[in-house]
Amino acid sequence: MTQDELKKAAACAALDYIADASIVGVGTGSTVNHFIDALASRRDRILGAVSSSEASTRRLRAHGIEVFDLNGIETLPVYVDGADEIDGHFAMIKGGGGALTREKIVAAVSGRFICICDASKRVDVLGRFPLPVEVIPMACSHVARELRQLGGEPRLRKDFVTDNGNLILDVHGLAITDPADMETRINQIVGVVTNGLFARRGADVLLLAGANGVERLAPRQEAVSAALHATKS
């Protein structure tokens, strides 16, 4: 299967987690586009969606799916989104598409985060994919200096402005061994809106598409598998 076919397989598997008469949290990106297209087959069974980006909003509405303002929603049972990288504890790097702030907001209010990925996104240590950091424009140089102090090399994403009117610094060269700590440290830099580490609110379920189909994994399953492997070794 091609990578795009794997993305589609993971996206379609997420439909199993969508309850009738519910509002669905929807992320952003190429894998999520497949999920939106698949969700269209359920549009008469769901109430609608909350979207994490203007791009996803346009795609949802093109399929006739109503998009709700998050401020008007009391409960959001499920959020479906992809990841640029995900580790064994289901911490992620997200934001390759630049929607990290809205993605983080929707994930924070959702009861369950379903991550849909192809197998190439699994890593032992986060950081091979550059970490996106959304910054207030006037603070860009200051934030870049602070990020260098943390050991990374920030590069301004050229010709790009977020849906919130801010800039993105993509931080190269980080080996993120403690994602939750790094997430907090970067967010404490004055001028940072948020960063693309999803560690303090990671995924609850990972749908990982590979050559043998779609694996359905949860953090506890990963821990059990690791323990069994250690015992056999």
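Residues numbered from 1 in each chain as written. Predicted model: local features only at pLDDT ≥ 70, side-chain atom pairs only at ≥ 80, totals over all residues. Heavy atoms only, no water.

*Asks:* Quick rundown of the overall build of the chain? Include the residues and the values.
*Replies:* Looking only at helices and strands, one finds seven helices and 13 strands in the chain. With respect to the principal axes defined by its C-alpha atoms, the chain has extents near 50 × 50 × 35 Å. Here the chain, with 233 residues, has 51% of them falling under the buried criterion. Residue pairs in contact within the chain that sit at least 24 positions apart in sequence constitute 73% of those at least 6 positions apart. Surface summary for the chain: the accessible area is close to 11,300 Å², and the carbon and sulfur share equals 50%. Between the averaged position of the 26 positive side-chain charges in the chain and that of its 29 negative side-chain charges there is a distance of 1 Å. (Helix = DSSP H or I, 4+ residues; strand = E, 2+ residues; numbered from the N terminus. Buried < 20%, exposed > 50% of the residue type's maximum accessible area, 1.4 Å probe, protein only. Contact = heavy atoms within 4.5 Å. Areas by Shrake-Rupley, 256 points an atom, 1.4 Å probe, with all protein chains shown as cover. Lys, Arg positive; Asp, Glu negative; His and termini not counted. Charge placed at Lys NZ, Arg CZ, Asp CG, Glu CD.)

*Asks:* Which residues make up the confidence of the model for the chain, and what values go with them?
*Replies:* A residue-level look at the chain finds 94% of positions with pLDDT of 70 or above and a mean pLDDT of 94. Here residues 223–233 is modelled with pLDDT under 50, and outside its nearest four sequence neighbours on either side it reaches zero contacts, counting other chains as well. (pLDDT = per-residue confidence, 0-100.)

*Asks:* Give a description of the pattern of salt bridges that names residues and reports values.
*Replies:* For the coordinates displayed, the defined rule picks out 13 salt bridges. A salt bridge links R102 to E54; the shortest N-O distance between them is 3.1 Å. Pair noted here: R102 is in helix α4 (residues 100–109) and E54 is in helix α3 (residues 54–62), with a separation of 48 residues, a long-range link. You can call E54 partly exposed: its relative accessible area is 36%. The salt bridge partner of E85 is R128, with a shortest N-O separation of 3.9 Å. Of this pair, E85 sits in strand β4 (residues 85–86) while R128 sits in the loop between β6 (110–118) and β7 (131–135), placing them 43 residues apart in sequence. Residue E85 is classed as buried on the basis of its relative accessible area of 1%. What you see here is one network of salt bridges that share partners, running through D81, K94 and E103. (Salt bridge = Lys/Arg side-chain N within 4 Å of Asp/Glu carboxyl O.)

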